[in-house]
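So you can see what is in the structure, the chains are spelled out below.
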Amino acid sequence: MPRNDIAVVGAGLVGALVATLLTQRGFRVTVYEKRPDPRLAGFSGGRSINLALAERGLHALRATGLADQVLGQAVMMRGRMVHDPAGHSGLQRYGVDDSEVIWSVSRGGLNTLMLDAAEAAGATIHFGQGLAGADFERGTLTLHAADGSERTVEAPVVIGADGAGSALRAAMHRHAPLGERVEELGHGYKELEIPPGSDPGAPFAIERNALHIWPRGHYMCIALPNREGSFTVTLFLPNEGEHPSFRTIAGAGAAEAFFRTEFPDALDLMPDFAADWSEHPVGSLATLYLDRWHIGGRALLIGDAAHAIVPFHGQGMNCGFEDAAELATLFAATPGDPAAVFAAFEATRKPNADAIAQMALENYVEMRDKVADPRFLRMRELGGLLAQRSPTHYLPRYRMVTFTHLPYAYALERGRAQDTLVEQLLKGHDDVASVDLDAAVRTLEATLPPLPPLL
Ligand code: FAD
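Note that the coordinates shown come from a computational prediction; the quantities given were computed from them, not determined experimentally.

### Description of the environment of Ala-324
With respect to the helices, strands and loops of the structure, Ala-324 is situated in helix 11 (residues 316-333). Note on Ala-324: relative accessible area 0%, which makes it buried. Measuring from C-alpha to C-alpha, the distance between Ala-324 and Val-18 comes to 4.9 Å, with 306 residues separating the pair along the chain. Ignoring sequence-local partners within four residues, the contact set of Ala-324 consists of Leu-17, Val-18 and Leu-21.

Put into structure tokens, the structure is as follows:
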């Protein structure tokens, strides 16, 4: 196998993107995917039906020329539409205007577009070929086909994009321990559906251009729009413990009673609630930490295989896309030295993966609890005013993560410093209107250095 041959395990979102980007840079890429081709067999993702695409992911897609096509299939989400227990709702915008929005995309539709792009760029994808083992001394992979047959292929340089349950990670760990730690969240999720309404001119039963949230303290529902007018609703709830938990809500009848009390307005929009509840499994949520992501220049993990996170910042795929773009840039700069590329990749990306893992966990508390908390709303309001008055010195953390390419680790650190300052400025104030804004801006600019250039 010549030196510029690269094998990729997994043709999911990240594997298809990295295959495209590396092929475009002159590498000969062969991809091995366990599932059958979803374009022929239909998509069976096993994860969320739709997901939120933000600037980091879009930026990587722009490099492949796919961004416009993806946006053409997406639904814009301007902010969080928060639904309170009394049935009132209000929009909390994510950014300043429609230049700062996120996009709801279909996982299956996106994967299909990306597989087409990888093949059009020249990558070879073998479907129905699951990785069963790897020999990193010999530079070979063992692949298992659906008919039970096995074969061994040469792959001196292999990238594992085979998701949270990565088989390549397991093989690497057997070769040399990676320092793996999995922290279960203790909460799971179940997907339900609000179908399109009967009026084809206005099929969306609730506001189309928003990510809907029903925050209820220790648990919540969210809903993301789909193009044809439906919404994918996801309930996040503790797995065990006191009611309500997935353990205490045994069947569809109990679930319906729970929704009737906690989410009555959402329940009214779900005619197939009982069937969805019975048929859809409870998904598990965890954060994966590794000390090492690569074995010399032989194998490297990216995307969820390296750093699966909980979904509450909507950044798992976006972060994986940033991984793919960074890796392709490093490979293009040092094509003959995968060991150097992998070491540089791990050094740059690991602190950022750790930071988004942390922020995703924090965002669960924010979404299910704080979006309805007056103190949090005051902090947000003052933060928004400071961002308007001093855009060189203040940018809310959510916007740094979602609408810029500032490293996640920077967003985490700067966000903490900004929060500390805003808390100090709000001390003794029950109302943001009573804060002296001119003095607050002077304190901000004297305390924190200017932000780095954005984008
Ligand atoms: P995957 O998407 O898991 O793809 C892995 C691929 O590898 C699959 O095609 C699989 O079949 C293949 N594979 C597995 N094992 C083998 C094997 N042995 N051999 C060969 N191939 C194999 N992220 C966002 O950015 N925004 C969101 O809004 C968002 N929402 C989410 C909601 C939920 C409920 C969940 C669970 C996740 C969400 N995420 C979101 C995270 C996102 O789904 C993941 O970060 C993303 O799918 C990671 O892509 P990946 O390609 O690394 O892994």
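Still more ground to cover, so stick around.
### Section: the packing of helix 1 (residues 13-24) against helix 11
Between helix 1 and helix 11, the least distance of the axes is 9 Å, while the angle of their chain directions is 25°. Judged by the angle between their axes, helix 1 and helix 11 are roughly parallel. When the axes of helix 1 and helix 11 are compared, the crossing they make is right-handed. Of the residues in helix 11, those touching helix 1 at Leu-13, Val-14, Leu-17, Val-18, Leu-21 and Leu-22 are Met-317, Gly-320, Phe-321, Ala-324, Ala-325, Leu-327, Ala-328 and Phe-331. Taken together, the residues of the contact of helix 1 with helix 11 sort by class into 13 nonpolar, one polar and no charged.

### Describing the domain arrangement of the chain
Domain parsing of the chain yields domain 1 (5-75 + 103-182 + 286-362), domain 2 (185-284) and domain 3 (373-447). Each of domain 1 and domain 2 has a C-alpha centre, and these two points are 30 Å apart. In this assembly, 17 residues from domain 1 lie in contact with 13 residues from domain 2. Overall, the association of domain 1 and domain 2 removes approximately 1200 Å² of surface from exposure, summing both partners, and the carbon and sulfur fraction of that is 64%. When residues of domain 1 are sorted by the area they lose upon contact with domain 2, Asn-50, Val-75 and Phe-312 head the list and together hold 45% of the total. The interface formed by domain 1 and domain 2 contains zero salt bridges. The interface formed by domain 1 and domain 2 includes five residue pairs in polar contact (both at pLDDT 80 or more). Sorting elements by how many residues they give to the side of domain 1 that touches domain 2 places strand 3 (residues 50-53) first, with three residues.

Reading guide: rules and limits
Counting restarts for each chain: residues are numbered from 1 in the order of the written sequence. Per-residue local features of the predicted model are confined to residues with pLDDT of at least 70, and side-chain atom pairs are confined, for both listing and counting, to 80 or more; whole-chain, interface and lining totals are unaffected and use all residues. Note: side-chain values were computed over all heavy atoms of the structure, leaving out hydrogens and water. Strands here mean DSSP runs of E at least two residues long; helices mean DSSP runs of H or I at least four residues long; both are numbered from the N terminus. Residue burial is assigned from relative accessible area. The probe radius is 1.4 Å, only protein chains are included, and a residue is buried under 20% of its type maximum, exposed over 50%, and partly exposed in between. Contacts were defined at the residue level, with two residues in contact if any of their heavy atoms lie within 4.5 Å. Each axis is a line fitted through C-alpha atoms, taken for helices only over the stretch in contact, and angles between the N-to-C directions span 0 to 180 degrees. Each angle receives one of four descriptions, namely roughly parallel if under 35 degrees, roughly antiparallel if over 145, roughly perpendicular if within 65 to 115, and oblique otherwise. It is the rotation of the near helix from the far one that decides the hand of a crossing: anticlockwise by less than a right angle makes it left-handed, clockwise makes it right-handed. By the convention adopted, Pro, Cys, Tyr, Trp, Phe, Met, Ile, Leu, Val and Ala count as nonpolar, Lys, Arg, Asp and Glu as charged, and the other residues, Gly among them, as polar. Either an automatic procedure or a domain database provided the assignment from which the domain bounds are taken. A simple way to read buried area is as the amount of 1.4 Å-probe accessible surface that goes missing from two parts once joined, with both sides added. Only one rule defines a salt bridge in this text: a Lys or Arg side-chain nitrogen within 4 Å of an Asp or Glu carboxyl oxygen. Think of a polar contact as two N or O atoms within 3.5 Å of one another; within protein, one of them needs to be a possible hydrogen donor and the other a possible acceptor, and neighboring residues in sequence only count if both atoms come from side chains.

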